[in-house]
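Tertiary structure, described
In case you want the letters, here they are:
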Amino acid sequence: MKKTMITGVQPTGNFTLGNYIGAIKNFVSLQEQHDSFIFIADLHGLTTYQEPKKINKIILDLAAIYLACGVDPKHTKFFVQSSVNEHSVLGFLVAFQCRVGELSRMTQYKSKKAKAGNSVDLGLFIYPTLMAADILLYDAEVVPVGSDQKQHIEITRDLGERLNKRYGEIFKLPEYYIPENGHRIMDLQNPTEKMSKSAPLDDKGTIFVLDDVKTTRKKIMSAVTDSDNKVKYDEKNKPGISNLITILATLRDCSIKEVEKEFGDCNYGVFKEKVADEVEKFLLNFQAKYQKYRESEELITILHEGAKAAEARAQKKLDFIKEKMGIAI
Ligand code: TYM
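Note that the structure is a prediction, hence the values are computed from the model and not measured.

1. Observations regarding the domain arrangement of the protein
On domain assignment, one finds that the protein holds domain 1 (4-179 + 297-325) and domain 2 (213-291). On a C-alpha basis, the centres of domain 1 and domain 2 stand 31 Å from each other. The interface of domain 1 with domain 2 comprises 9 residues on the first partner and 9 residues on the second. Across the domain 1 to domain 2 interface the summed buried area is about 830 Å²; carbon plus sulfur atoms make up 77%. Across the contact surface, domain 1 and domain 2 share 1 salt bridge. Between Asp-253 and Lys-25 there is a salt bridge whose closest N-O contact spans 2.7 Å. Linking domain 1 to domain 2 there are 3 residue pairs in polar contact (both at pLDDT 80 or more). Elements with a contribution of two residues or more to the side of domain 1 that touches domain 2: α1 (17-30) and α3 (52-69).

Structure (structure tokens):
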């Protein structure tokens, strides 16, 4: 029997090359071998206020982005999270079993709280319990994500295990699938920080997948590197060049060693041009598909069909969970 795989993305900000390399690319290459689910995590997006028109547009943009990245509705149940109500119900049931201390220790919560102070929304605090529900609801065993989500998968396992102990075997426990290369694509201007989709559109350190290729080339050519002028992977001492090596290796589906071998004797200017060429090739191909899906009337139908299929599975599972908890009357 195929293992179940799931992943999601929040409809906030603008989708970056990091989002693609860290999670979606791997999901796409594994989708046929798994019982696959992918969704747009709109409820997660709403853990902080979003302007309704804006989030609606981002959801549709993201739907077209997923399809252009290669998500195939023939093999994958592809939907918007809030279309399947069972995510919310299980989200509550899981949250009730979670300790305040556990959530307070979440790195993402701590860094957001540090910025927002005491006015941090409850949604941000309980965010990991909803994410745990997304995964446990389908008994997903494989979760392709970037390394920033590792802690969220770990708490999902803890919560699943806790519920299994309390109520008998309910859930399969997930494993994260974090790629060896590309699990944390860094900001081009500040290569010790993660490339983030909440960066403004004119940010020089972030490659957005909908950037025009001229802009992307400029961003890559002005990426911060070092004075060593050797194309060699060394995350600690040469974070900028290591990041560019990773981008090139992952887009080409080759190893870091192969990139080092090919470009070891190049100066940074020449190497950056090669990285820009590869990114441009990816983006041009991606953007042509994106336009086609974004303008297609099929987009909404695909999401509705995906939600129907996911819901059938989620309903069954929630009925089973309620029975185990003694609340199926
Ligand atoms: P989100 O929307 O922040 O990011 C989507 C995916 O992109 C990965 N990612 C990166 N990978 C490499 N380098 C980067 N710079 C980079 N930035 C982001 C993230 O690790 C993620 O895999 N909580 C999730 C959405 C979610 C989810 C789920 C994911 C909700 N429920 C259930 C998996 C399973 C999030 O906010 O991802």
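Let's pick the thread back up.
2. Let's talk about the packing of aromatic side chains
Taken as a whole, this structure holds 10 aromatic pairs when the rule is applied. Look at Phe-37 and Tyr-138: their rings are 4.4 Å apart centre to centre, the planes differ by 35 degrees, and that puts the pair in the tilted class. A residue pair is termed long-range when its members are at least 10 positions apart, and Phe-37 in strand β2 (residues 35-40) and Tyr-138 in the loop between α7 (122-136) and β4 (142-144) qualify at 101 residues. The class of Phe-37 is buried, set by a relative accessible area of 0%.

3. Quick notes on unusual backbone geometry
If you check the backbone angles, Asp-139 has positive phi at about 50 degrees while not being a glycine. As for its placement among the helices and strands, Asp-139 is situated in the loop between α7 and β4. Given a relative accessible area of 17%, Asp-139 falls into the buried group. For Asp-253, which is not a glycine, the phi torsion comes out positive at approximately 60 degrees. Secondary-structure assignment places Asp-253 in the loop between α10 (239-252) and α11 (256-263). Residue class for Asp-253 comes out exposed when judged on its relative accessible area of 62%.

4. Things to note about the nonpolar core
If you look at soluble globular proteins, the nonpolar side chains tend to sit buried side by side. Grouped together as the largest cluster of nonpolar side chains are 62 residues, with contacts concentrated most on Ile-24, Phe-78, Phe-271 and Val-279. With 12 residues, α3 is the single largest residue contributor to this core. Ile-24 has contacts with Phe-15, Asn-19, Ile-38, Tyr-66, Cys-69 and Val-71, leaving out every residue within four places of it along the chain. In this structure, Ile-6, Leu-103, Tyr-138 and Leu-318 belong to the second largest nonpolar core, which totals 39 residues.

5. A look at the side chain of Thr-76
Mapping Thr-76 onto the fold places it in strand β3 (residues 76-80). Looking at Thr-76, its side chain comes within polar contact range of the side chain of Gln-31, at 2.7 Å. Those residues in contact with Thr-76 that lie beyond four places of it in its chain are Phe-27, Gln-31, Ser-36, Phe-37, Ile-38 and Val-71.

6. Quick look at the pairing of strand β1 (residues 4-9)
β1 sits mainly inside the fold: 5 of its 6 residues count as buried. With 6 bridges joining them, β1 and β2 adopt parallel strand pairing. From the neighbouring strand, Val-9 faces β2, where its bridge partner is Ile-40.

7. Regarding the site of the ligand
Taken together, 27 residues sit near the ligand, with Tyr-127, Asp-134, Asp-148, Ile-185 and Lys-197 positioned nearest. In the model, a nitrogen atom of the ligand is placed 2.6 Å from a nitrogen or oxygen of the Tyr-127 side chain. In this structure, Met-195 approaches the ligand through a main-chain N or O atom, which is 2.9 Å from a nitrogen atom. Starting from 710 Å² of accessible surface for the ligand in isolation, the protein chains cover 97%. Those elements that provide at least two residues to the shell around the ligand are β1, α1 and α7. Across the shell around the ligand, the residue classes break down as 11 nonpolar, 11 polar and 5 charged.

8. Some details on the pattern of salt bridges
Counted according to the given criterion, the structure contains 20 salt bridges. Its salt-bridge partner being Arg-294, residue Asp-61 comes within 2.6 Å of it at the nearest N-O pair. Note that Asp-61 is positioned in helix α3 and Arg-294 in helix α12 (residues 268-295), a separation of 233 residues in sequence. A salt bridge links Arg-252 to Glu-278, with the nearest nitrogen and oxygen atoms 3.4 Å apart.

9. Observations concerning the environment of Pro-239
On the secondary structure map, Pro-239 appears in helix α10. Separated by 18 residues in the primary sequence, Pro-239 and Met-221 place their C-alpha atoms 16 Å from one another. With near-sequence residues (within four places) excluded, Pro-239 lies in contact with Pro-191, Thr-192 and Asp-234.

Rules and cut-offs
Residues numbered from 1 in each chain as written. Predicted model: local features only at pLDDT ≥ 70, side-chain atom pairs only at ≥ 80, totals over all residues. Heavy atoms only, no water. Domains from an automatic or database assignment. Contact = heavy atoms within 4.5 Å. Buried area = accessible area lost by both parts, 1.4 Å probe. Salt bridge = Lys/Arg side-chain N within 4 Å of Asp/Glu carboxyl O. Polar contact = N/O pair within 3.5 Å; in protein donor to acceptor, adjacent residues only side chain to side chain. Helix = DSSP H or I, 4+ residues; strand = E, 2+ residues; numbered from the N terminus. Phe/Tyr/Trp six-rings, centres within 6.5 Å; stacked < 30°, edge-to-face > 60°. Buried < 20%, exposed > 50% of the residue type's maximum accessible area, 1.4 Å probe, protein only. Core = buried A, V, L, I, M, F, W, Y, C linked by side-chain atoms within 4.5 Å. Pairing = 2+ DSSP bridges. Near = heavy atom within 4 Å. Areas by Shrake-Rupley, 256 points an atom, 1.4 Å probe, with all protein chains shown as cover. Nonpolar A, V, L, I, M, F, W, Y, C, P; charged D, E, K, R; others polar.

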